[in-house]
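Report on the structure
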Amino acid sequence: MEEALLRIQDLHTTFYTRDGLVRAVDGVTIAINAGESVGIVGESGCGKSMTAMSVMGLLKKPGKVDGGKIFFDGRELTAMPPGEKRRLMGNKISMIFQEPMTSLNPVITVGKQVREALLLHNRHMSRAQAKERALQAFELVGIPDAKKRYGEYPHQLSGGLRQRVMIAMAMVCGPGLLIADEPTTALDVTIEAQILHLMKDLQEEKGTAVMMITHNLGVVAQFCHRLYVMYAGKVMESGTVKEIFADVGHPYTEGLMRSVPDMESKERLYNIRGMVPSMLHLPKGCRFCPRCQYSMARCFEEEPEMYEASPGHFVRCFLYEQGKGEEMP
Amino acid sequence: MSGKTVLLETRDLTKEYPLNSNLGIKSRQVVHAVSGVSFEIYEGETLSLVGESGCGKSTLGRMLMRLIEPTEGQILFEGQDITGYSERQMRQVYQKIQMIFQDPYASLDPRMKVGQLIGEPLVTHRVCKSREETCGRVRELMHMVGIRPELIDRYPHQFSGGQRQRIGIARALALNPRLIVCDEPVSALDVSIQSQILNLLRDLQQEFKLTYLFISHDLGVVHYISDRICVMFLGKVCEIGDTQEIYRRPLHPYTKFLLQAVPSMDPNKRQKREQILAGEIPSAVAPPSGCRFRTRCPYAKEVCGEREPEMKDVGERKVACHFAGE
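Residues numbered from 1 in each chain as written. Chains lettered and ligands numbered in written order. Predicted model: local features only at pLDDT ≥ 70, side-chain atom pairs only at ≥ 80, totals over all residues. Heavy atoms only, no water.

1. Looking at the overall build of chain B
When its secondary structure is counted, chain B shows ten helices and twelve strands. Expressed as lengths along the three principal axes of its C-alpha atoms, the size of chain B is roughly 70 × 55 × 50 Å. For chain B, the proportion of its 326 residues judged to be buried stands at 52%. Of the contacts formed within chain B by residues at least 6 apart in sequence, a portion of 64% connects residues at least 24 apart. Here chain B has roughly 15400 Å² of accessible surface; of this, 47% comes from carbon and sulfur atoms. The centroid of the 43 positive side-chain charges in chain B is displaced by 3 Å from the centroid of its 40 negative side-chain charges. (Helix = DSSP H or I, 4+ residues; strand = E, 2+ residues; numbered from the N terminus. Buried < 20%, exposed > 50% of the residue type's maximum accessible area, 1.4 Å probe, protein only. Contact = heavy atoms within 4.5 Å. Areas by Shrake-Rupley, 256 points an atom, 1.4 Å probe, with all protein chains shown as cover. Lys, Arg positive; Asp, Glu negative; His and termini not counted. Charge placed at Lys NZ, Arg CZ, Asp CG, Glu CD.)

Okay, structure coming up:
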């Protein structure tokens, strides 16, 4: 098999808090191929954002990567000197966030911010060239009246336009990988649809791989090729979107899917009982077992590995130890 | 539904905010937050206000509670015009209308214990005669919303978001209200918790014959919880009618695009480009002339800019579009 563009191998990210160690990311392995869009799904606190922050090297104290390796384009990010890593970030790997207002500088015009990103990574580019490229990027992401908007400040733009500026900034250097952390969560649904389509167009046109972090299964179904489902710091299930949505594996994923009201049936919604465990006191054995409707005695004692349910579809659940075999009870 | 009684009614309810200039001088411009909204809420039903941010759904919800004073129009509760009620008169009304808020972190006083929080409405309205009675009622309420009564002496920060929302619901239920205004009650919650709260709200409604005005931007949630929906765009009502019928066959173009924009959980049903609404929400300071949706509407004709569409009856439904029902 070809070497993946991004390979996260057994990543451990720990927060050293006063109350104890919080293993926000606890042995996560993820691979993203060039040009592929991969969804990372889970509820708040499952470690999906921290995985991305670990890749970007944006972890804040008391968080620290203390195990595992991250490879990008065959090079090990985790062993790279800071200067070299900085040249890669924002250039070959870029990231967009949920709330564009907090990631844009409020006192610099949006045009200048995009231009700066270009100049930072292209030493030999003149200011005029950079402006030209930034304007092209504005047009590419569908900002109407790009020339006028170029000289405006973030607060003068709507949420949707700000997110377009962020995407322009992220894409202007032609990255191989775009990490999008809940990029449409703060947006209205008609604007969300616009932004998702824009991202999909750019991805297909430029061949950029996208790591889409979201809690919205609909966004994954619409946008991604493959997905990873995370729960309490671990990947519980991975596979293609088509496969998982048609034949869900892990009881947690199943619960998530059945909890979402689907605009068709009014039947009583399924509830995953209980709530997400505290990361300070994780249950023994499988971390989902206290909430799982299929849990067996064994689940409370041993931790399951990722078992291959069908080719390319992995599930961290004892029910799949012998492949898919029998149907779930 | 036949023989249904109207619990609450609004007539041409309008809220305009004067726009302050940077120097604090009032300018003549106003923000048209809600413009001439009329609807009825029937007893025992759930009516949802749906729309994107800035459509005026929250302002409307707050006006019903008189937390925001309407600029014009009337609110009738149980047939009485409460628009001009004094604060004292409103106290009577508040026993019958309660509210649940979006952010369970911001809406509970962090220095009060759960028991005090839930008991507060009982105390202010002097419903219970003794401390024991109050305490008993609080425990009963906690049980109803699914919080263990032993936790009565805990503080809000010791609870998760879902549990806090349950506390907010218990508070709202304390006075046996008839109508509960739910302002985005599940938007801040994770999906697995969201479904628990939605089921709780539905159970409580059946048990206590509650009426809900449910404000939400999430069309999946709205479909699940409501009997009827009222779709709003930029301070105006586009369409009111039965939930199932509207989802099956939306008559207003905005409703249609809103429903199409929701990312489907079916990966084989990918959204097509022509299903996406272009453009942005226009400014509420200078809304477009005529129909407020016309600048984004792909079907807009000349008449849409000239005349404002009136609410038309199309079957059981009301639609504000010149071409509805054609």
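We are not done yet, so read on.
2. A look at the sheet that holds strand E2 (residues 20-32) of chain A
Residues and elements named next belong to chain A. Strand order in the open sheet formed by four strands is E2-E1-E4-E5, and the pairing between neighbours is antiparallel. At either end of the open sheet lies a strand with only one pairing partner, and these are E2 and strand E5 (75-76). Pairing analysis gives eight bridges linking strand E1 (residues 6-17) to strand E4 (residues 63-72), with the strands arranged antiparallel. From the neighbouring strand, Thr 13 faces E4, where its bridge partner is Val 65. Helix H1 (residues 48-56) contacts E1, E2 and E4 of the sheet and is inclined by roughly 105° relative to E1. (Pairing = 2+ DSSP bridges. Axes fitted to C-alpha atoms, helices over the stretch in contact; angles between N-to-C directions.)

3. Topic: the pairing of strand E8 (residues 209-214) of chain A
Residues and elements named next belong to chain A. In terms of residue burial, E8 counts as a mostly covered element, since six of its six residues are buried. A two-sided burial pattern is seen for E8, the buried positions comprising Ala 209, Met 211 and Ile 213 on one face and Val 210, Met 212 and Thr 214 on the other. Two strands pair when backbone bridges link them, and strand E3 (residues 37-41) and E8 are joined in this way by five bridges, in the parallel orientation. The partner of Gly 39 across the bridge, within E8, is Met 212. Read as a crossover between parallel neighbours, the route from strand E7 (residues 177-181) over helix H8 (residues 189-206) to E8 is right-handed. (Right-handed = clockwise from strand over helix to strand, strands pointing away.)

4. Structural notes on the packing of helix H3 (residues 114-124) of chain B against helix H4 (residues 131-145) of chain B
Residue and element names in this part refer to chain B. Packing of H3 against H4 leaves a shortest axis separation of 9 Å and a crossing angle of 115°. Here H3 and H4 pass one another in a crossing that is right-handed. Here H3 contributes Val 114, Gly 115, Ile 118, Gly 119, Leu 122 and Val 123 to the contact with H4, which in turn contributes Thr 134, Arg 137, Val 138, Leu 141 and Met 142. Here the residues of the contact of H3 with H4 sort into seven nonpolar, three polar and one charged. (Left-handed = near helix turned anticlockwise from the far one by under 90°. Nonpolar A, V, L, I, M, F, W, Y, C, P; charged D, E, K, R; others polar.)

5. Details of a negative patch on the surface
Taken together, Asp 227, Asp 242, Glu 245 and Glu 316 of chain B make up a surface patch of like negative charges. Looking at the element boundaries, Glu 245 of chain B is found in helix H8 (residues 243-248). (Patch = residues over 30% accessible without salt bridge, like charges linked within 9 Å, V, L, I, M, F, W, Y side chains within 5 Å. Salt bridge = Lys/Arg side-chain N within 4 Å of Asp/Glu carboxyl O.)

6. So, the packing of helix H5 (residues 161-173) of chain B against helix H6 (residues 191-208) of chain B
Residues and elements named next belong to chain B. The geometry of H5 relative to H6 is characterised by a closest axis approach of 10 Å and an angle of 15° between their N-to-C directions. By the angle class used here, H5 and H6 are roughly parallel. H6 is crossed by H5, and the crossing has right-handed handedness. For the pair H5 and H6, the contacting residues are Gly 162, Gln 165, Arg 166, Ile 169 and Leu 173 in the first and Ile 193, Gln 196, Ile 197, Leu 200, Leu 201 and Leu 204 in the second. Here the contact of H5 with H6 is built from residues that sort into seven nonpolar, three polar and one charged. (Parallel < 35°, antiparallel > 145°, perpendicular 65-115°, else oblique.)

7. Quick look at unusual backbone geometry
Residues and elements named next belong to chain A. Looking along the chain, the bond that leaves Lys 61 and enters Pro 62 is cis, with omega of 5°. Counting through the fold element by element, Pro 62 comes out in the loop between H1 and E4. Even without a glycine there, the phi angle at Met 263 is positive, about 70°. On the secondary structure map, Met 263 appears in the loop between helix H11 (251-259) and strand E11 (307-310).

8. What to know about the interface of chain A and chain B
Facing 46 residues of chain A, the contacting portion of chain B comprises 47 residues. For the pair chain A and chain B, the summed buried area comes to about 3900 Å², and 54% of that belongs to carbon and sulfur atoms. For chain A, the biggest contributors to the area lost against chain B are Gln 222, Met 263 and Lys 266 of chain A; these three give 20% of the whole. Linking chain A to chain B there are three salt bridges. Two residues, Arg 268 of chain A and Asp 203 of chain B, come together in a salt bridge whose shortest N-O distance is 2.9 Å. The set of elements that each furnish at least two residues to the side of chain A that touches chain B consists of helix H7 (159-171), H8, helix H9 (217-223), helix H10 (241-246) and H11 of chain A. Counting residues per element, the side of chain A that touches chain B draws most heavily on H8 of chain A, at nine residues. In terms of residue class, the side of chain A that touches chain B is built from 21 nonpolar, 13 polar and twelve charged. (Buried area = accessible area lost by both parts, 1.4 Å probe.)

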